[in-house]
Amino acid sequence: MGGEVKPGGRGLKSWAQRHLNVGFAVGFLLVLLTYLVVSRQLAVTAPGAVTTKAPRLADKQVIVGTAGDDAEGGSKRQQEWQPKEAAAEEEEEESGAVPTESSPKTDEADVKPSGAAETTTSSKAVCNTDGPVSETCELDGDVRTNGSARSVTFVPASPSSSERREWKVRPYSRRTMSGVDRVTVTQLESPAAASPPPAACAVTHDVPGVLFALGGLTGNYWHDFSDVLVPLFAASRRYKGEVLFLVSNIQPWWLGKYEAVVRALSRYDAVDLDRDARVRCFRHLTVGLRLHKELTIVPDLAPDRLTMADFTAFLRETYALPRGAPAIPTTEEGRKPRLLLIHRAHYRRFVNVPEIRRAAESAGFEVTVASPRGDAPVEETARTVNSHDVLLGVHGAGLTNAVFLPAGGVVIQVVPYGRLERMARTDFGEPVADMGLRYLEYGVAAEESTLLEMLGPEHPVIKDPEAIHRSGWDKVAEYYLGKQDVRIDVNRFAPTLAQAMDHLRHRHRHRQQ
């Protein structure tokens, strides 16, 4: 009998064990499900929570958000952070991207501490050190500079949502430019975790700062505008003068030459960054200037969607230039549109200036011939150019003066022989159109180039320009840019002059309608 009970007891125990195991399994699943739900809620609402796909490599673009601001995922696509106006801090701003890059737009996520007020101070670092042209950082929060150490320290607002990162930023607009020292931008883990702790503020600024470098290619008139003045305008115009410039590799002569422009963008004296040992603290700092394209602004990449036409209007205001539109092309009272012919002093010169002048006068223009002077005050040059309606010149820095023409004017670029059309359109053609001017192009034939007489028709420079381009830039620069002058065939050039006059007439008729 005892043997019978034992089997019965074992059956009951086995049945109970089986049901107990099922109960444990069901309970475990319920606990796991509850944990996942609660964890997801905590991930959204917990202070300092960050949703990001940003890579952890400091040499790539990294966008770091902390408590009270948006966190954006990083990608190779370059982004442009746009600051919020005080009255619209709760609204989202979309980032722009360099159109030549092909990776998808970075995702954005809203991140706010649980129970945080809508006015929570934002803290964000947006750095890009692998863009196609420029290296930049936009720092919003607790930012501290030590100029003589060439360092910028960003102290995140939330210790739980950040890690130590470091970027090397060349603050000149061309990242490959040698001779311009990089600035080290460091993001700390948190004020408490930092070792050593961040240096205390010696000066606290109520205005944002823009840190940039001179040197590089500055001193060349075209690069002065393309590399510095245009990007600086795009970076600082939004502040309406309430911004401090911190200048590395400072060039006092350069700041003097363009003093009117610099003063119009900032009401404060520029800081010589390399000699500034004090720790300066900002709520917002831009490190580096972003070059969108040569001598122009891409609205999608610029704060407030600024345009190149905005820049030229700003110059007319800055230099108090009187003319905002071309002259009326009519013979009434002897009024004629005025054409300014730029006569270069050396290489890429017009050999037959008197003939070109007569051709332009026959087309109905009043003509002025001027040779660029590097020591001429910018104000003087600006007034001279603004008093004309058409600017004519061989490809070169003198065409940069198109920025002073009245809106609706005309630029005629004479492109030297040697398949330089692409470069000419990049440097001047596209920017001129973005300024709201009419761009016309005249390509020099071999017969109009002094290279033909110098080298003969069988020389590769004449016979096969494409082979010269394949051989490298040195030969292109040596011959097509450095040894060539042009003798314009005025009969062949006449239709281009007629196009310029037709544009001015059409513009006048359009304004009358």
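These numbers come from a predicted model, not from an experiment.

S.K.: It is not clear to me how the nonpolar core should be interpreted in this structure. Could you clarify?
M.R.: What tends to happen in soluble globular proteins is that the nonpolar side chains get buried as a cluster. Counting residues in each nonpolar core, the largest one holds 51 residues, and the members touching the most others are Phe212, Phe225, Phe245, Phe311, Leu315 and Phe404. Top element by residues in this core is helix H2 (residues 221-236). It accounts for 10 residues. Formed jointly, this core draws a minimum of three residues from each of two domains, domain 1 (124-306) and domain 2 (338-512). Residue contacts for Phe404: discarding those within four places in its chain leaves Tyr221, Phe225, Leu315, Tyr319, Leu321, Val378, Ala382, Val385 and Asn386. In this structure, Leu339, Ala359, Val367 and Val414 belong to the second largest nonpolar core, which totals 39 residues.

S.K.: Which parts of the structure should I look at to understand the packing of aromatic side chains?
M.R.: Geometry of an aromatic ring pair is reported as the spacing of the ring centres plus the angle between the planes. Within this structure, the stated rule accounts for 13 aromatic pairs. With a centroid separation of 6.4 Å and an interplanar angle of 65 degrees, the aromatic rings of Trp222 and Phe428 are classed as edge-to-face. Of the two residues, Trp222 sits in helix H2 while Phe428 sits in helix H8 (residues 421-434), which places them 206 residues apart along the sequence. Taken together, the ring pairs in this structure connect Tyr221, Phe225, Phe233, Trp254, Tyr258, Phe311, Phe314, Tyr319 and Phe404 into an aromatic cluster. A cation over a ring is seen here: Lys483 above Tyr479, with NZ or CZ 4.8 Å from the ring centre.

S.K.: So what exactly am I meant to see when it comes to the packing of H2 against helix H5 (residues 308-318) here?
M.R.: Pairs of packed helices are described in terms of their axes, by the angle between the two and the distance that separates them. One way to put it is that H2 packs onto H5 with a least axis distance of 10 Å and a crossing angle of 90 degrees. Between H2 and H5, the angle is such that the two are roughly perpendicular. Between H2, through Phe225, Leu229, Val230 and Phe233, and H5, the contact on the second element is made entirely by Met308, Asp310, Phe311, Phe314 and Leu315. Here the contact of H2 with H5 is composed, by residue class, of 8 nonpolar, no polar and 1 charged.

Quick notes on the rules
- Residues numbered from 1 in each chain as written.
- Predicted model: local features only at pLDDT ≥ 70, side-chain atom pairs only at ≥ 80, totals over all residues.
- Heavy atoms only, no water.
- Core = buried A, V, L, I, M, F, W, Y, C linked by side-chain atoms within 4.5 Å.
- Buried < 20%, exposed > 50% of the residue type's maximum accessible area, 1.4 Å probe, protein only.
- Helix = DSSP H or I, 4+ residues; strand = E, 2+ residues; numbered from the N terminus.
- Domains from an automatic or database assignment.
- Contact = heavy atoms within 4.5 Å.
- Phe/Tyr/Trp six-rings, centres within 6.5 Å; stacked < 30°, edge-to-face > 60°.
- Lys NZ or Arg CZ within 6 Å of the ring centre and 35° of its normal.
- Axes fitted to C-alpha atoms, helices over the stretch in contact; angles between N-to-C directions.
- Parallel < 35°, antiparallel > 145°, perpendicular 65-115°, else oblique.
- Nonpolar A, V, L, I, M, F, W, Y, C, P; charged D, E, K, R; others polar.

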